Structure formats: structure tokens, C-alpha cells
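Inside the fold
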Amino acid sequence: MDESSQAPERQPTTEPPRLRVGRLLITLAGLGLGAYLVVAHGWSDVLRALQAVGWPGLIGITLFHALPTALCGLAWWVLLRPHIQESGVPFVWLRWIRDGTDGVVPIVPVSGELVATRILRLRGTAIAGAGIIVDLTAELLGQFLFAILGFALLLVNHPGSHYRAWIALGIAIMAVQVGGFLIAQRKGLFRLIERPLDWLRRRRRRVESPADRTLHDRINQIHAHPRVFLGSVLLHLIAWVIGALEAWIALRLMGHPLAVADVLVMESLVAAVRCITFFVPLDAGVQEGSYVLIGGLRGLPAALALAVSRGKRARDLLKGVPALWRWRVIGGRQQRRPACESRFGQSWRESNVICVREYFPDRLATAVRQKSRWIIGIVYQGYRTHGWNH
């Protein structure tokens, strides 16, 4: 990947206790709501539907999920392709780690993104943070288009459906979120956030090299290719549509098939609700409640809707646990690496010296002495290694 030098990473800040407690309370409330829905609508019916899918079906759905995951990874790679010299394969498995972490680690809503940014930085990608932010924007735009597609199918196939006004309001809120995030980052949201840090570091405003570029500069650097950005949005949209077929497969295995159009309506609107409630860790309770409400609009029994939701939870575990293990292996290698191997000029993969940097004196006499020591040292080391050659 891009071997440009990069600025030292900032140390993560400590999360405020109130925020941590609030997130914990929201998670517990969501888990309680999900458990209540399962009990209220018959846990035995939910379990029976899951048994109809079985382990072979669940593993098959998880493997099928690799297709939208690969498309999202390629959409991410497409964004960064003008700025890096890497193939799309690493971005596919990084997307797997990213999604897997998000699905099982309820730390922050972007846990997977933070992990992926860290791995990209270890691989030497200076534009990693900006790439994640712009890729999130492209994914949100693709999700918004997916929600519009589902709402349009709902109006065309079922014009008399209930809650149309509420669904339209939810999509409008989603549009404000996505549009506001896109406009804010283009207008300098992250530059505004970085200004206090620049003042503390007394950083010069003028950009002298790629290593000196701020996060805002790198975001604009990626946005400077609008066709590439639109291509990434399109790939994310295709990934959302293909991912919806997982629910279609699960319902067929449960013996209650739905039309593809109805499944697209259900999956798109559930995804829209999850986007609006992004602050809820693991979508606890939100996912289950959304499936019960929106699935009911399509005539889907609540027990089957909950079974689809629980099946997706199981799929997240099947892909998330190996992803966490892989991230732990990568982090363990970095921690076990000797201190000298993480210095400037040494490869993180092979720990071989690839270049040398030295601070040279700025005074003539001192510079002459240092240069003389270098020459004498090189001569004696050459004699010791190779002997005298005429």
C-alpha cells in the first residue's frame, strides 16, 4: 500500500463514565425488549423456526453473506484505488474483520471501523482514516437509496399499507442524517475538530508533504474523484440488495416464503430504522422490534420475523468470532515485535531495514567530525567483512 510516512497516531481518549453508563443502560434495555418480544410472541415458535433452518442452513447463509461483504470491500478499495498501490483482496478480508467486530463488540457504533483503520495504518496506509470516513459516507448513501427502493416497492405493490406517513418521515430523517454528514465533512467538520489539536501542536497551516496533510485534506483528496465515489455508492447499493436475499433464503427454509419484492421492502426499511438508531449498541431491541413491526406489514408472523432476526444474530457470531480472533492475532504480532522493529525505516512484515534516517549536525565543524566517523567506520567494517580488495 501507500508507503508514505505518517504522523504518530493519537492516543485514544478515556470514555466519560456517564457516557459509558448510558450506553450500558441502552444496551440492557434493548436486550430486555428483544427478550420480551420473543417471550410475548412464543419462544417455542421462534425456536421451531430456527430449528427448521438448522445449522446447515445457518452456515450456508453465513457463506452467502460473504458475497455482499466482498462487494463492500471492493467499494472501499475503489475509493482508495487512485491513492494506493494495493489490490482489492486485502480490503475484502479487512471488511470481514470490520463487519465482524461491529456485530459482536458493543463498545462504540464504529468499533469495526476503528479496528480497520488501525490495521491499515499498520500496513502503511497514510490515508486510512479518511478512507474509512468516506467509505462510511458512500455506504450510508447506498443504504439511503436502498431504503427509497424499498419504500417505492411498498407504494407500488401495496398502496394501502399502514404507516406510510411514518415510513416517509423516517426516510426523511435518514436523508437529513446522510446529507448532513456528507455536507459537513466537505465543508470542514473534521478540520474544525482538528483545529484545537493543531493549536496545541503549533502546527503550520501550509501543507508541505503528504505526511503533513490533515484528515480534512485527505477527505477532500478522496472526494476529488466524484465518479469513483459514485461507483462506490453503486457497489454498496448492490451489496444491500444482495444481502436482503439472506432473509428470503431463511424464510424459505422456515416454510414461509415471501416474494422477493416483499423481502426487499422489509430488509430496506429495517436497515433504515437501524441507521436512524445508530447510537444503540448492537441494535439491541431495535432489530427485533423493526422486524416484528415491518414484517407484520407484509403479513409475516411475529415469531418468524423474530426468528429471522435471531438468525442474523447467529450469523453475526459465526463471522464475528473468527474476525475478532484474526484481529487479535494481528495485534499480538505487533505487541510481540521488538521495539527496534517498529522504528522508522524498518518493515513491519519482515523487520528488515529498508531505509535509514539520521539527524545531521547544522554546524560545519560538527558535521565534518560526524561525516569522518561515518567514513572511517565504513572502511573498517568493509575490511572486517570483505578484506582488502585491489
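Below is a short write-up of the structure.

The rules behind each value
Residues numbered from 1 in each chain as written. Predicted model: local features only at pLDDT ≥ 70, side-chain atom pairs only at ≥ 80, totals over all residues. Heavy atoms only, no water. Patch = residues over 30% accessible without salt bridge, like charges linked within 9 Å, V, L, I, M, F, W, Y side chains within 5 Å. Areas by Shrake-Rupley, 256 points an atom, 1.4 Å probe, with all protein chains shown as cover. Salt bridge = Lys/Arg side-chain N within 4 Å of Asp/Glu carboxyl O. Helix = DSSP H or I, 4+ residues; strand = E, 2+ residues; numbered from the N terminus. Expected span 1.5 Å × (residues − 1). Buried < 20%, exposed > 50% of the residue type's maximum accessible area, 1.4 Å probe, protein only. Core = buried A, V, L, I, M, F, W, Y, C linked by side-chain atoms within 4.5 Å. Contact = heavy atoms within 4.5 Å.

1. Focus: a nonpolar patch on the surface
A cluster of nonpolar side chains, Val21, Leu24, Leu25, Leu28 and Leu31, forms an exposed patch at the surface whose accessible area comes to about 490 Å². Turning to its location among the elements, leucine 24 is positioned in helix H1 (residues 17-40).

2. Examining the environment of glycine 289
Summarising the element assignment, glycine 289 is placed in helix H12 (residues 286-297). Along the backbone, glycine 289 and serine 309 are 20 residues apart, and their C-alpha atoms lie at a distance of 9.3 Å.

3. Observations concerning helix H7 (residues 164-187)
Given 3.6 residues per turn, any residue in an α-helix points the same way as the ones three and four places further on. With 24 residues, H7 extends 34 Å from end C-alpha to end C-alpha; this agrees with the ideal 34 Å at 1.5 Å per step. The complete set of buried residues in H7 reads Ile167, Gly170, Ile171, Met174, Val178 and Gln185.

4. Focus: the nonpolar core
Within the largest apolar cluster, 64 residues are counted, with the highest numbers of intra-cluster contacts made by Trp76, Met254 and Met266. The residues touching methionine 266, leaving out its near neighbours within four places in the chain, are Ala247, Leu251, Tyr291, Ile294, Gly295 and Leu300.

5. Some thoughts on the environment of threonine 62
Structurally, threonine 62 is set in helix H2 (residues 43-64). By relative accessible area, which is 16% here, threonine 62 ends up buried. Taking the C-alpha atoms as reference points, threonine 62 and lysine 319, 257 residues apart in sequence, are found 7.2 Å from one another. Setting aside its immediate chain neighbours within four residues, threonine 62 contacts Arg315, Leu318 and Lys319.

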